[in-house]
Amino acid sequence: MAEAADFQGTSPSPARRWLRRTGALFAGAPLLAGLLQLPAAAPAHAAGQDSLKAASGSETVAVAVDSLTPTVPGEGDTLTVSGTVTNKGKQAVTDAQVDLLLGSPLNTRSDIDTVANRSDYQPGLDGAPVGGKYVKEFSNLTPGVSQRFSISVPVDKLDLGGDGVYQFSVSLSGETSAQPWEQVLGIERTFLPWQPDEADRKTRTTVLWPLVSTGHMTAQTGSNESQTPVFRNDDLAKEISAGGRLQQLVSLGKELDVTWVIDPDLLASVDAMTESYRVQGEGDTTTAGTHQDVASQWLAELQDAVLDKEVVALPFADPDLASLAHNGTNVTGSLSHLKEATDVAADTVDSILHVEPTTDFAWPVNGAVDPSIVKVATSAGADKVIARSDSLVETGGLPYTPSAARPIGGGTTAVVADTRMSTAFQGNLTRASSSTLAVQRFLAQSLTLNLQSDKQRSIVVAPQRMPTASQAQAMAEAVTALQGGTWSESQELGAAAKAKPDSGATTRVPAASAYPSSLRKQELPRAAFEQIATTQDKLDNFKVILSRQSRVVTPFGRAMNREMSAAWRGRSAEAADYRNGIEAYIDSLAGQVKLIQKSETKLSGRSATIPVTVQNNLVQGVDHLVLRLTSKSPRRLEIDGENFDEQPVTVSGGHSQTVKFPTSAQANGQATVVAQLFTEDGQPYGAPVTFDVKVTEFTATVMLVIGGGFLLLVLAGFRMYTQRKRAAAREAEQDGSQEAGETDGGPENPEGPEERLTPEDLLKEESVTGTRADAPEQPSDLTPDTPAESADPSGTGERVDR
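Parameters at a glance
- Residues numbered from 1 in each chain as written.
- Predicted model: local features only at pLDDT ≥ 70, side-chain atom pairs only at ≥ 80, totals over all residues.
- Heavy atoms only, no water.
- Helix = DSSP H or I, 4+ residues; strand = E, 2+ residues; numbered from the N terminus.
- Buried < 20%, exposed > 50% of the residue type's maximum accessible area, 1.4 Å probe, protein only.
- Contact = heavy atoms within 4.5 Å.
- Areas by Shrake-Rupley, 256 points an atom, 1.4 Å probe, with all protein chains shown as cover.
- Arc of directions from axis to C-beta.
- Pairing = 2+ DSSP bridges.
- Axes fitted to C-alpha atoms, helices over the stretch in contact; angles between N-to-C directions.
- Polar contact = N/O pair within 3.5 Å; in protein donor to acceptor, adjacent residues only side chain to side chain.
- Core = buried A, V, L, I, M, F, W, Y, C linked by side-chain atoms within 4.5 Å.
- Patch = residues over 30% accessible without salt bridge, like charges linked within 9 Å, V, L, I, M, F, W, Y side chains within 5 Å.
- Salt bridge = Lys/Arg side-chain N within 4 Å of Asp/Glu carboxyl O.
- Phe/Tyr/Trp six-rings, centres within 6.5 Å; stacked < 30°, edge-to-face > 60°.
- Lys NZ or Arg CZ within 6 Å of the ring centre and 35° of its normal.
- pLDDT = per-residue confidence, 0-100.
- Parallel < 35°, antiparallel > 145°, perpendicular 65-115°, else oblique.
- Left-handed = near helix turned anticlockwise from the far one by under 90°.
- Nonpolar A, V, L, I, M, F, W, Y, C, P; charged D, E, K, R; others polar.

So, on to the overall build of the protein chain. Each helix and strand counted, the protein chain has 21 helices and 31 strands in total. For the protein chain, buried positions account for 48% of its 802 residues. Across the protein chain, the fraction of contacts at a sequence separation of at least 24, relative to all contacts at a separation of at least 6, is 77%. Carbon and sulfur atoms provide 50% of the accessible area of the protein chain, an area that totals close to 37400 Å².

Written out as structure tokens, the structure reads:
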């Protein structure tokens, strides 16, 4: 177990060290056996046994390799290994020494995986120590304390043989009070690629460099002419600022020969930030965005980085193809959103980056495919699908890794990325040791792949969609070493897709049942696509009334693309909140065009007009609307001679319009009337307004009353006249002396002089006949009582125009 140890100031051979350490092991074996046979009586003794176990084994001390330079050494180079050793045990380690161990070449890619997954020290498998002066000694390692080391060794001292990948380890050996003999207490393994001369046939390697983010913009825009965009938060500013994830990807990627894979939504969002923009706050509040300079600088740097480079544009907002294939194809309109996202991709990239992108590649999440995913991926025009080798698993028994291009039928090419190299930079790489191991493992896999065959192949590396800043730094370091190495050369993705496929490579797309369950659990559910369809229906019903549809259609269309994004995987609650927000916003906009509520209306007379007001609180005008007024009691109240009437409606932005409908009363009583807006194609728009109309046809009755009163007055006057005439006759008979005078000089009226009635007489007679002189007269037409155009309901007892 102690073959990795050495002592400063001496240079014993590896064989002598092996004999000495093996002897120490055998010498301590009887003592150890005796200790193991002692009964565990006292707690203190039990604690001693626990310490013994902790000290034994090769994981008592944590060894971290923070840097290995150069990553790919050549002849004449000096290899420098730096890192830390940390005592994780409870006892101090004495006579500690850090050694470099060089193992034998690893012949297969599986061998690399096996070595990387081993944790404890295994004599005979971890190689022999370099020894000599290429060690680092520590007299004492205190528990919980880390010590740094750095060892430099000329490459020619390593006695490397032929080309290949060598297991390279750093170990720490020492003693503890519980185990007072030299032993390996910690080890860290990595890999040393060795290819000093140019390879006869180099692997053509394509590295995808993804610029993808989550959705940051809402569907909401300002009412100004430029439609100031509103962002969900200001997180994008952090990503593109110095040290941020996206800033690091651009800064690192511009120095590499890679294929840029870009989500156009990210470009559109950053481009929107270069002008005035706002950020959602608490409730319905927004605040002004302040990162215009950061956005402009990031875009300028990206424009420079992609100059003369291959750029692949994903569909807008990077839709989740697998979710769409498994849960969305049976929902009306889902595939049309994918087509729209593809159609706007090229124009978005071209207008912002001033490069013409390729749009015929589809990239399912993790390169996992099945027939339905391929069908959906190609439905929008793509004829190449970026898959991964753990999805299209090789079944033909090829002794080497085949080229990426595979014809899978229907004129579609699967570009199969290498799983081992594509997943090399996942996980937490914030620690230098983790990053260093990832870089060396990536390079080891690449070199071993090249040595598999004399056949030249095209390999594609498709890393995770959204690498962190530390992952991006490790990727850049590995790609830089690869592109400066001797066994690989760069190639664009388009060229890799056109490369001649290997005849024995797998071309059969796996069945849907083979799709990983871990990925299926993260998919958007069918309910998500149904909600998107509902939002689209509401948008379709709303946009037909607008005078400037693009102000609403464009932001909502892009927002619905974001609702289908692959970025929502693992974030189902956030995805639902985003969808709910988009639907609520279209409801609020559509609700800005509405009918004003009305209270009970009174109709006095046989005919009148009923006013109904349409209010438009939008900035833009609305048109193509029809207002229909329907009587639910047409036998009592008719509208324009029918049971309903329709009139077109056009309302300018921020205004209202009152529409008047002619009506006629057929009988007294109460009639229910419904006002409803419709689009020109007959679809109801908004909520109806229902109100009652009280029909009071009192005009004819009043005329009868007045006529009857007049007749009574005439009869009363005639009666008074006859009574007075008779009284005058009686007086004449009694006064005979006046008869001759009346005959000779009186008027032509033979019955006596005409008597004129005064109002007082009529009133006196009224008291006799019972007819009232103060009966109400028929009023003239009522003054129209039309309310002002207001959003408030009309007043109680509203009268309509006659």
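To continue, consider helix H3 (residues 109-117). Side chains three or four residues apart in an α-helix point the same way, a direct result of the helix having 3.6 residues per turn. Buried residues of H3: Arg109, Ile112, Asp113 and Val115, and no others. Each buried residue of H3 lies within a common arc of 165° when the element is viewed along its axis, so the set occupies one face. Those residues of H3 that are buried lie in contact with strand E3 (93-106), strand E7 (164-175), strand E8 (183-194), helix H11 (419-422) and helix H12 (432-451).

This next bit is on unusual backbone geometry. Cis geometry marks the peptide bond from threonine 69 to proline 70; its omega dihedral reads -10°. One can find proline 70 in the loop between strand E1 (61-69) and strand E2 (78-87). Although it is not a glycine, aspartate 159 sits at a positive phi angle of roughly 55°. With respect to the secondary-structure elements, aspartate 159 resides in the loop between strand E6 (146-154) and E7. Its identity as a non-glycine residue notwithstanding, aspartate 318 has a phi of 50°, on the positive side. With respect to the helices, strands and loops of the structure, aspartate 318 is situated in the loop between strand E15 (311-313) and helix H8 (321-328). Using a relative accessible area of 3% as the deciding quantity, one classes aspartate 318 as buried.

Considered for burial, the residues of helix H10 (residues 371-379) that qualify are Ile373, Val374, Val376 and Ala377. Buried residues of H10, viewed axially, fall in a sector of 165°; they line one side. Against the buried residues of H10 lie H8, helix H9 (334-353), strand E16 (361-362) and strand E17 (384-388). Looking at the residues trailing H10, positive phi occurs at glycine 381, about 115°.

It is worth spelling out the sheet that holds strand E10 (residues 217-221) at this point. A sheet is described by the order of its strands in space; here 4 strands give the open sequence E10-E11-E13-E14, paired in mixed fashion. Single-partner strands in this sheet number two, and they are E10 and strand E14 (286-288). Ignoring which end each strand starts from, the neighbouring axes of this sheet average 35° apart. The pairing of strand E13 (residues 278-280) with E14 spans 3 bridges and is antiparallel.

The residue glutamine 227 is located in the loop between E10 and strand E11 (229-231) in this model. A distance of 3.1 Å separates a polar atom in the side chain of glutamine 227 from a polar atom in the side chain of threonine 221. Not counting residues up to four positions away in its chain, the partners in contact with glutamine 227 are Thr221, Gly222, Arg551 and Pro555.

Let's shift gears to the pairing of E7. The element E7 is extensively covered by neighbouring structure, given that 11 of its 12 residues are classed as buried. Two elements, E3 and E7, share 9 bridges in a ladder whose sense is antiparallel. Directly across from glutamine 97, in E7, lies its bridge partner serine 173. Where E7 meets E8, 11 bridges bridge the pair, whose relative direction is antiparallel. Bridging across to E8, valine 170 finds its partner in glutamate 188.

What follows concerns the nonpolar core. Formed by 76 residues in total, the largest nonpolar core has its most connected members in Phe542, Phe556, Leu627 and Leu629. Ignoring any residue separated from it by four or fewer positions in sequence, one finds leucine 627 in contact with Leu595, Val612, Val614, Asp645, Glu646, Gln647, Val649, Val659, Phe661, Ala675, Gln676 and Leu677.

A few words now on a nonpolar patch on the surface. There is a patch of nonpolar side chains on the surface, built from Leu711, Leu712 and Leu715 and spanning about 280 Å² of accessible area. Residue position: leucine 715 is located in helix H19 (residues 699-734).

Tallied over the entire structure, the rule returns 28 salt bridges. For aspartate 126, the salt bridge is made with arginine 118, and the minimal N-O distance between the two is 2.6 Å. We classify aspartate 126 as buried; its relative accessible area is 1%. Judged by its relative accessible area of 17%, arginine 118 is buried. Close ionic contact of arginine 548 with glutamate 225 constitutes a salt bridge, the shortest N to O distance being 2.7 Å. Of the two residues, arginine 548 is situated in the loop between helix H16 (526-543) and helix H17 (550-563) and glutamate 225 in the loop between E10 and E11; the sequence distance between them amounts to 323 residues. Taking relative accessible area as the criterion, arginine 548 reaches 37% and is therefore assigned partly exposed. Look at the salt bridges and you will find they share partners, linking Asp113, Arg420 and Arg441 into a network.

On to the sheet that holds strand E24 (residues 607-616). Spatially, the 4 strands line up as an open sheet ordered E22-E24-E28-E26, and their pairing is antiparallel. The sheet is open, and its two borders are formed by strand E22 (593-595) and strand E26 (637-639), each paired with just one other strand. This sheet shows a mean twist of 35° between the axes of neighbouring strands, independent of strand direction. Pairing geometry for E26 and strand E28 (residues 656-665), over 3 bridges, is antiparallel. Directly across from isoleucine 639, in E28, lies its bridge partner threonine 663.

The tally for this structure, following the rule as stated, stands at 4 aromatic pairs. An angle of 45° between the planes, with centres 5.2 Å apart, marks the rings of phenylalanine 425 and phenylalanine 442 as tilted. Here phenylalanine 442 lies in helix H12 and phenylalanine 425 lies in the loop between H11 and H12, a separation of 17 residues in the sequence. Each of the two residues, phenylalanine 425 as well as phenylalanine 442, counts as buried. The ring of phenylalanine 678 is capped by arginine 628, whose NZ or CZ atom sits 4.3 Å from the centre of that ring.

Okay, the confidence of the model for the protein chain next. On average, residues of the protein chain score 85 in pLDDT, and 82% of them reach the 70 mark or higher. Below pLDDT 50 for its whole length, residues 1-56 participates in 76 contacts with residues either more than four positions away or in separate chains. Overall, residues 737-790 carries pLDDT values under 50, and its contacts beyond four positions in sequence, including any with other chains, amount to 48 contacts.

Right, let's talk about the packing of H8 against H9 for a bit. As a packed pair, H8 and H9 sit with axes 10 Å apart at the nearest point and diverge in direction by 160°. Between H8 and H9, the interaxial angle falls into the category roughly antiparallel. Handedness of the H8/H9 crossing: left-handed. Contacts between H8 and H9 involve Leu321, Leu324 and Gly328 from the first element and Ser334, Leu335 and Leu338 from the second. When its residues are assigned to classes, the contact of H8 with H9 shows 4 nonpolar, 2 polar and no charged.

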